[in-house]
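Notes for the structure review
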Amino acid sequence: MAAPQESPDQGAYVPTPRTVPTRSRDRASYDRETVHAILDEGTVCHLGFVRDGAPVVLPTLYTRIGEHLYVHGSTGSRPLHSARGEAGLPVCVTVTHLDALVLARSAFHHSLNYRSVVAHGTAHQVTDPAEKAAALDALVDQVVPGRSADCRPADAKELAATAVLRLELAEVSAKSRTGEPNDEPEDLALPYWSGLVPVETRYGTPAPAADLGADVPLPGYLAPAS
């Protein structure tokens, strides 16, 4: 497949055959701000690739810096080995947020309200030390903003055991569903509950490690919002 061309609209990605859904095309978006917002809100992606002729999908940490995704891995993993050469590793990366369960009167119309991003492309292992350091800091801050400046940096041994994949955000799309159940008109009188069950991600109260000194205070970035 030919590489996607530069978009005349710098606010949008160019649709390709792989990023145009075959169903519910009205739910797809190629708006950069929409894609970036979905990516920036998450912490875990699913990295898909082919290994020995069979598909493999792995959950892992990721972060976005500009128009690149950086995916965390181990130098001993097989996909990272494949991504070392100039050819790189063809991948598909997905990120999904579940916002609500959609319960309809009919089983057929049950659904989910969600926001997702799918990115296709060729991933390459990051070898430049400065780029790798910046990506690793961003990966830590993707999980807890501000944390990379408040912990010991990786030493040489740890850096040697850690790999980072870089994927350009070029062939990418977002897809989402919002709103109420789509019940059929003839089902509206049926005596079954219909509506939304909101789904939220919440962080609990930080619990200190058993061996943490009593003189180490809770960092401000972990303090509950007032």
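Here we summarise the structure given alongside this text. Note that the structure is predicted; figures quoted are calculated from it, not measured. (Residues numbered from 1 in each chain as written. Predicted model: local features only at pLDDT ≥ 70, side-chain atom pairs only at ≥ 80, totals over all residues. Heavy atoms only, no water.)

Some thoughts on the overall build of the protein chain
Looking only at helices and strands, the protein chain has four helices and nine strands in total. From first element to last, N terminus to C terminus, the protein chain shows the α and β order β-α-β-β-β-α-β-β-α-α-β-β-β. When its C-alpha atoms are laid out on the principal axes, the protein chain stretches across 65 × 55 × 35 Å. Put simply, the protein chain has 226 residues, and 33% of those count as buried. Sequence separation of at least 24 residues holds for 71% of the intrachain contacts in the protein chain that already meet a minimum separation of 6. Of the roughly 14000 Å² of accessible surface on the protein chain, 57% is carried by carbon and sulfur atoms. Counting 19 positive and 28 negative side-chain charges, the protein chain places the centres of these two groups 6 Å from one another. (Helix = DSSP H or I, 4+ residues; strand = E, 2+ residues; numbered from the N terminus. Buried < 20%, exposed > 50% of the residue type's maximum accessible area, 1.4 Å probe, protein only. Contact = heavy atoms within 4.5 Å. Areas by Shrake-Rupley, 256 points an atom, 1.4 Å probe, with all protein chains shown as cover. Lys, Arg positive; Asp, Glu negative; His and termini not counted. Charge placed at Lys NZ, Arg CZ, Asp CG, Glu CD.)

What to know about the pattern of salt bridges
Enumeration over the complete set of coordinates arrives at 11 salt bridges. Across the pair R64 and D40 runs a salt bridge, and its minimum N-O distance is 2.7 Å. Here the residue R64 occupies a position in strand β3 (residues 54-65), and D40 occupies one in helix α1 (residues 32-41), the gap between them amounting to 24 residues. The closest approach of N and O atoms between R152 and D155, which form a salt bridge, is 3.9 Å. According to the relative accessible area criterion, R152 is exposed, its value standing at 56%. Among the residues examined, D155 registers a relative accessible area of 33% and is labelled partly exposed. (Salt bridge = Lys/Arg side-chain N within 4 Å of Asp/Glu carboxyl O.)

Looking at the state of the cysteines
This structure, assessed with the given rule, holds zero disulfides. Sulfur of C92: no disulfide; nearest cysteine sulfur belongs to C45 and is 10 Å away. (Disulfide = S-S within 2.5 Å.)

Quick look at the environment of R166
Along the chain, R166 falls in strand β7 (residues 162-168). We classify R166 as partly exposed; its relative accessible area is 23%. Along the backbone, R166 and G88 are 78 residues apart, and their C-alpha atoms lie at a distance of 9.8 Å. Those residues in contact with R166 that lie beyond four places of it in its chain are H68, L69, Y70, T122, A123, H124, V126 and E131. At 3.0 Å, the side chain of R166 and the side chain of E131 are in polar contact. (Polar contact = N/O pair within 3.5 Å; in protein donor to acceptor, adjacent residues only side chain to side chain.)

Some remarks on α1
When α1 is considered as a whole, its buried residues turn out to be R32, V35, H36, I38 and L39. One side of α1 holds all its buried residues, which, seen down the axis, span an arc of 165 degrees. In this structure, the buried residues of α1 make contact with β3, β4 (68-74), β5 (89-103), β6 (111-125), α3 (129-143) and β8 (171-177). A distance of 3.3 Å separates the backbone nitrogen of E33 from a side-chain oxygen at the start of α1, and that oxygen is part of D31. (Arc of directions from axis to C-beta.)

Some remarks on the pairing of β5
Both faces of the sheet carry side chains from a regular strand, because those side chains alternate between them. Pairing of strand β2 (residues 44-51) with β5, which is carried by three bridges, proceeds in the antiparallel orientation. Following the sheet pairing, L47 is matched in β5 by V93. Judged from the 13 bridges that link them, β5 and β6 form a sheet pairing that is antiparallel. Note that in β6 the partner of T96 across the bridge is S116. Inspection of the sheet shows β5 paired to strand β9 (residues 195-198) by four bridges, in the antiparallel sense. The residue of β9 that forms the bridge with V102 is L196. (Pairing = 2+ DSSP bridges.)

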